[in-house]
Structures are given as C-alpha cells and as structure tokens.
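# Survey of secondary and tertiary structure
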Amino acid sequence: MNRVIQVFTKESFLVPLFAIILGLVVGALAMLAGGFNPLLAYESLVVKVFGDLYNFGEAIRQITPLIFTGLAVAFAFRTGLFNIGAEGQFIMGMLGAVYVGVAFDLPPIIHAVVAIIVGALMGGIWAGIAGYLKAARGVHEVITSIMLNWIGMYFANYILNAFLVPKGQQRSEIVHDSAVITLQALSNFLGGARVHWGTPLALICAVIFFIILWKTKTGYELRAVGLNPHASEYAGMSVNRNIVKAMFISGLFAGLGGACETLGVFHYLAVMSAMPGYGFDGIAVALIGGNTPIGIVLGAFLFGALSYGAAGMKFSAGVPIELIRIVISSVIFFVAAHGIVRYLLKPILAKRKEEGR
Amino acid sequence: MNLLSTVKTVVEMRGITKRFAGIVANDNINLVVKKGEIHALLGENGAGKSTLMNILFGLYQPDEGQILINEKPVQISSPNVANELGIGMVHQHFMLVEPFTVTENIILGNEPKKGLTIDIRKAQEEVRQLSLKYGLKVDPEAKIEDISVGMQQRVEILKTLYRGADILIFDEPTAVLTPQEIQELIQIMRNLVNEGKTIILITHKLKEIMAVCNSVTIIRRGKVIDSVAVKETNPDDLAAKMVGREVNFRIDKKPSEPKEVILAVENVTAVGNRGVDALKGISFEIRAGEILGIAGVEGNGQSELIEALTGLRKVKEGRILLSGKEITNQTPRTISESGLSHIPEDRHKRGLVLDFTMSENMVLETYFHPDFNKNGFLDFKAIDRHAAKLIEEFDVRTPSIHTPARALSGGNQQKAIIAREINKDPDLLIAAQPTRGLDVGAIEFIHRRLVEQRDKGKAVLLISLELDEVMNVADRIAVIYEGQIVGIVNPKETSEQELGLMMSGGKRTEGGGTVE
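This one's a predicted model, so the numbers in the text were calculated from it and none came from an experiment.

### Some thoughts on the overall build of chain A
In terms of helices and strands, chain A carries 16 helices and zero strands. If one aligns the C-alpha atoms of chain A with their principal axes, the spans along those axes are about 65 × 60 × 40 Å. Within the span of chain A, comprising 357 residues, buried residues form 52% of the whole. Within chain A, contacts between residues at least 6 apart in sequence are counted, and of these 79% link residues at least 24 apart.

Printed below as a string of structure tokens:
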C-alpha cells in the first residue's frame, strides 16, 4: 500500500495533476469572465460523463482513439523522434480498414481482423515514409510527417471518391457486418453506446508499448538510438534502420486507432473537409502522460472525458463548447510549462523532501 | 613571502558551507586570494571546487559563511552582482552564440549604443584594444563557428575583461586545449596578472599549477586540506594531498614481450570531415603484448584513424587486418565481434548513452549475445548481474546499477567504459584519450589497466594528445603528422623535444637524429 501512495505522491504524478487543476481554474476564470457559473458548468460536465450508462459508454468511445494516438506519439518520442503525423497515420488506418471492410467478403472475425491489420499497416507505412526520408535523406520528421497529414487526408478523399463513395453521396458504403467490431452485449448494457473492441485493444497496446520498449532487444536498440545515435552507431546498431522501425511501430499504433474508429463507431468513412483531430490531441495526451503507458491511458481519459462532457456543459450551464478547449489548452500549457507548476508546488515538494530525510 | 602578506586580499571566503540534497559539497571552506596572484584550486572531480566558485560567481548561495571582496563583506546574489564586483568567470563549457561574430559575443548584454543601433565599430575597436593589451590574438570580425576552441576560449576571457573583471575565475581551462594552446593560455594568464588582474584557476592538473600558479588551495571531499605557496611544494606532495594517499606517477611495468602481429594497417587512406584526405596512406602494426602509443598534435588524423579502424568511417584505399582477418570497411559490429574493443575519445558522445542506466550501458555492445538476449527479449536479471560484477571489479562508484550514467562523475563514467571494453576480452584494445579530463587517481587506475591488458598478451593502441601519457605508458611511440606515421621511436630513447619536433613534421633519420 505504501508503494501505491509513493507512486501517487511522486513528482512525475503531482506535477501533471497540479497542471490539470490549474487548467481547470483558468477555465473557470474564463467562464466567470463570460458571465457563466463555472461550478455548475463543471458539475454538469461530470454529470454528462458519469451520469448515465449511455453517456459513460460514449465517453469511453471518445477516449479510445486518444489512447492509440497518444501511444503513437509517445513511442516515437521515446525513440528520439517527434511524430506530428499521427493524424495522417490515423486517417490511413481508417482508409485501410474501410476499404477492406467494404470491398472484401470474408467470414466474420477474420474479416475484422484483416481490416484492422491492413489499417494498422497503412498507418505504419505512412509513418515509415517519414522515417525513411529522415534516414535516407536527412529530412526532419516533423516537416515530413506534417506534410504527410495533408497528403494522407487528400489521398484518402481521392480513394474514397474513386472507389468507395456511391455517386452523389459524401461518404463510403457501410462496411460489411462481418468487419464490424462493436461489443454488442456491452453496447446493449450501456444503452446502445458505441463501444467496440478497440478499447480493450488500446489497453493491450499500452501493455505492448511497455513490453517493446523496456523488455525487448528491439526496444533497447530503439531507445539507445533515440537517446544517443552516436553511441548507438559506435555500439554497432544501425541508426537508420532503427529510425524507420521506430516510425513504423509508432504509425502502427495510430493506424490501429483509425481502423478501430471506423470499424467500431461509424462503419463508414466520410469525405473529409478537415482533419479528425485525434492525432493532434495524441500529442497532448503523450505530453500530459509523460510518455508512459499508464500516463497516456489516464491522459486520454482526461481529454476524452473533457471533450465529451463539454456537450453537457453547454446543455446545463449554457457554456459554449469551445470553452472546454480553453481548459484543455490551459492544461497542456501548464504541463508544458512545468517550470511554473514546480515553482508553485515548491513549498509542498520542499516539505516532502524534509520529511524524506 | 612577507611581501605577499602585505599585499591586499581581494577575495576572502570564510566558513563557506553548501549542502545539496544529501551531500555536503562545501564544508566550512576558507579561501584567501591575494591581489595579483594566480591561485589554484586543486581537487579531484567532485571535490567541491566548482561549487565553491559558483558561489563566488553568484550562481549558488552558500548555506553558511561569508564572502569578502576587497576586504568588504558582500552578498553575491546573482552573476550580475558578481560582475559589478569585478568577478568574471571563464566557464569550462563555453557560453557563446556560434553564428555571431567575436565582437557580437563579447558585447552581448552590454552593447554600446548609437541612437537606436549598436555601435559595432566602436565595439570592435574596444575589443581590438583589449586583445592587444593582454596579448589575446583574436579577429573581432570572425564568426565563433569558424574559429578554434582555443580562440573561443580567448573570446570568453575577453568577455569578462570587457565587463571590467579584475578577478577572473578559470574553470578547468586546459581540458579542451592542445599542448600549444595550453602554452599560449599560460602566457595570457601571465599577461593578465602583470596588468594587475587576479586569477583563480580551477584545475586538477599538477603540471599547470607548478608552471603558472603562485599559491594553491587543495580541496578534498568538500574540505580544505591545505593552502600553500607553490614554491614550497612539489607535484608528489600535491597529488598525495588531493587524493589522500600516495600516488605513483611512474608506471611500474616490465619490458614488453611482443609476439605475433595483431593489427596491421596497410597504406590506409580515408577522407576526413572537411572533405580532404585526413589519412594519407598510413601504415603501422601492433603485436600482441605491446602498447603502441600514437602521439601527435590534434587534428592530424587521429580521430579519423580510430574511426577507420572501428568501422565508423569508410576507408578509401588500403587494408586493415585484425589477427590476419581483413576488417576493412566492415560494420562496427562485425569488427567489434572480431575481437576489437574501443574506448572512445568522447565518452559522452560515443561511449555512453547518458540517460540509460549503468546496467543498460554495460551491455551496449553485447546486449544481443545469447547471455542477455532470449528470443528477442532481454534478460534484465542477467544484465544486472553482469553490470554488478563489472562495477565491483573495476571499482566504479555509483549509487546503484540503476543510476543513469549521466549522474556519475567523469572518472567513474570512464571506468565503466573501460570495464565494459576490457570485459569483452579483445585481442586489440583501442584507447583514445582515455584519461582526458580525469584526476590523477583515475588516471593511475586506467594506466594500470592498460598495462595489465598488455601483460595478458593483448595488443593495445593508445592515442593521446598528452605526451607524458604516451611516454609513460607506451612500449613504442608512433608519431602521426598530417595523416601519416612520420616515425616510430622507443620511449626510453627519445625525449619530449624530439617527439615535439616529429609532431610538427620533422622526420626522424635512421641514426636517431632528426632532419626537416
């Protein structure tokens, strides 16, 4: 039990927690400035998420893709790469899954599995392109992965229009039932909330994330290359191959997220006029989660719950949905500017240190 | 000596104590520095020298004690206050803006203005005047990224002078310099003192203290051990005080018994970083049971030679044979697995992954061996056992095997690398600058390990810029000049003068003399 307490009073845990509180305070101030009641707003936010089974299930649905993209960004980060392209990889995952789901006829389960694998691979390859360009040509992955987001979106639109969208419509055909991954029994229990196999898969991915990085030979190499490419080269590792590998695995996580989103939630893919945004939020989730698997799951929960609960805020307290973006942005700001948080926390941390002696 | 006592005291630190979480970095330290002297602060890595000077420069606040500047008590709450009091610091790691010119760096934060713009011409003139006055030759218009490390250091010195410093703190200034640059720096320090400046020199190099300092304060584990005039002491005495025991400078070693050829380098040519050939048909060989030292001025192809031998740089022409097997242009891993170990010249860049734990660092080149790698999963219990064994055996002082390498002192980091490399039981051990920046205790340890390898019948290649080191440790010395070996000499039959001449391009004749 002591250990549990220790974990929760660790600085790495306290700082994000405090950042969240500060973010909520800033959000409250913004609401006050706008003439709204922040207490009522936050209360209705919580009620919206936890008030009934259906909404709780829907909040889970909102959280799931953020776990995937958070893992994608964090994995790259752990290997010294900044994958801003989780968005594009997510889109490629959606595209791959919807293509297999619509265009192929396979037995149940197998169909879903194949669609998920294809989606994941599409995401992996998409990220791998950025990795390859860095390894072979020295182009910075931030530039290429941002560009690949747009290329990915328009490429997906093109494929949709050319092969999957019936004439005169704006979205693809529905994937075959055999490819759908809804958790039917749970969904019934949760009043029809769109819960799907992606959620347990995301949690498994968090475990896999940990195992790859900290238990395997591959992970050892990836981390070494990320932390010190010169020493890795000296030690006989191939820096370039590891960069491609790291991006590929990172993209797999994002692609999986995209695949599960289409097969589990919408069952179709609409022609996009804007990015879905999960990839970008993944950066924030990875940041607030400290690039650790548990942190990412918790971070995704926070962000997912906040954005889902925002609807409740609007309904009960009249607070515009956009305000929740202020809260989220403030939280990110305080996590990124952890110097400020540490400064504010100083008295508490100093006291603990004294006791620790 | 009586003369000194009448001279004004410019810096006095009384009873300074500074604690960091768990350790006492400075324990009731007293330091008295007289005007116009060069005062050395001697101590091993981690003894508390830098902490003390950071307190004097206002970067840290002492927990106890008092500071007097020019016999007046002061509170140095920040480096700005230190500047106002005439204290300047030349840091070990330079704080310069690389794309800026020398002048721009010097005036940074203190720019002379003409209306709304910087009066760059006036600034350049001032810099020129200052450099003339103290014999610091620098081009005020050159960009920092284009000038040598020695020049960059002069810019740092000028920066403090420009801000009107009278008391200059030098933090390990020679660690990054070549022997020539060290000589020049010593001259600069003398000029500064002649012009009435006072210098505090943080160092662990006894030779420098003997050469240039007036007095020396020795610090060990946060406490002042002694404060003496340099005239009244000698290197052996200083070393013993610094380390706390007798130190053996001379390495006791029996004559080498060279056996079969382990490494043969035949006419190797390789392109350097600047795009021209850095190695121009270099040839030499090393036998089992001997240490070959490579002496030379920095930048004559030493780094490229190491990289060519270890597979980190492409060889354009020529062959490299290790125990008779060709390793030319093989991958670093193949070469490493063929029986070559390498203590890299830059331990932070190549030698360690600083954010890895010690345990992880100890298997950097061997993690894929079946001992540690089970079907793609690493056996961290075995890795930990391995690390614990090596750390014990090589006396690496680390709080735990799970401490990040970054947290260790330079000496202990180097010991860890040496442990890892020797443990691979290589036929050839390449030691590049193995003692750079280390204190005498660690140097002694490392030299003994190199000789031990030799005595076990292994070949050792020692590449060093320190002539003393090469002459002490090596059995044969090859002198490298502009990418070629210009001569091989026996350390017992040569002198520093002869080596110095060869290092600057003079060739040795068969008879033993030198010709140009």
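### Describing the sheet that holds strand S9 (residues 167-171) of chain B
Residue and element names in this part refer to chain B. The six strands lie next to each other as S6-S9-S10-S3-S11-S12, forming an open sheet whose pairing is mixed. Edge strands, defined here as strands with exactly one partner in the open sheet, are strand S6 (87-90) and strand S12 (223-229). In this sheet, adjacent strand axes meet at a mean angle of 20 degrees when their direction is disregarded. One ladder, built from five bridges, connects strand S3 (residues 38-42) with strand S10 (residues 198-203); its direction is parallel. Residue pairing in the sheet places His39 in a bridge with Ile200 of S10. With respect to the sheet, helix H6 (residues 149-162) is in contact with S6 and S9, its orientation differing from that of S6 by roughly 170 degrees. Each of S3, S9 and S10 is contacted by helix H7 (residues 179-194), which is oriented at about 150 degrees to S10, the strand it contacts most.

### Observations regarding the interface of chain B and chain A
Between chain B and chain A, the contact holds 23 residues from the first and 15 residues from the second. Secondary-structure elements contributing two or more residues to the side of chain B that touches chain A are helix H11 (332-337), helix H12 (347-351) and strand S20 (377-378) of chain B. Grouping the amino acids of the side of chain B that touches chain A by side-chain chemistry returns 13 nonpolar, five polar and five charged.

### As for the environment of B:Leu201
Residues and elements named next belong to chain B. Mapping Leu201 onto the fold places it in strand S10. Its 25 C-beta neighbours within 10 Å are what place Leu201 among the buried residues. The sequence separation of Leu201 and Met53 amounts to 148 residues, and the corresponding C-alpha distance is 9.8 Å. Apart from residues no more than four positions distant in its own chain, Leu201 is found in contact with Ile38, His39, Ala40, Leu41, Phe170 and Cys213.

About the thresholds
Residues numbered from 1 in each chain as written. Chains lettered and ligands numbered in written order. Predicted model: local features only at pLDDT ≥ 70, side-chain atom pairs only at ≥ 80, totals over all residues. Helix = DSSP H or I, 4+ residues; strand = E, 2+ residues; numbered from the N terminus. Buried ≥ 20, exposed ≤ 12 C-beta atoms within 10 Å, placed from the backbone. Contact = placed C-beta atoms within 7 Å. Pairing = 2+ DSSP bridges. Axes fitted to C-alpha atoms, helices over the stretch in contact; angles between N-to-C directions. Nonpolar A, V, L, I, M, F, W, Y, C, P; charged D, E, K, R; others polar.

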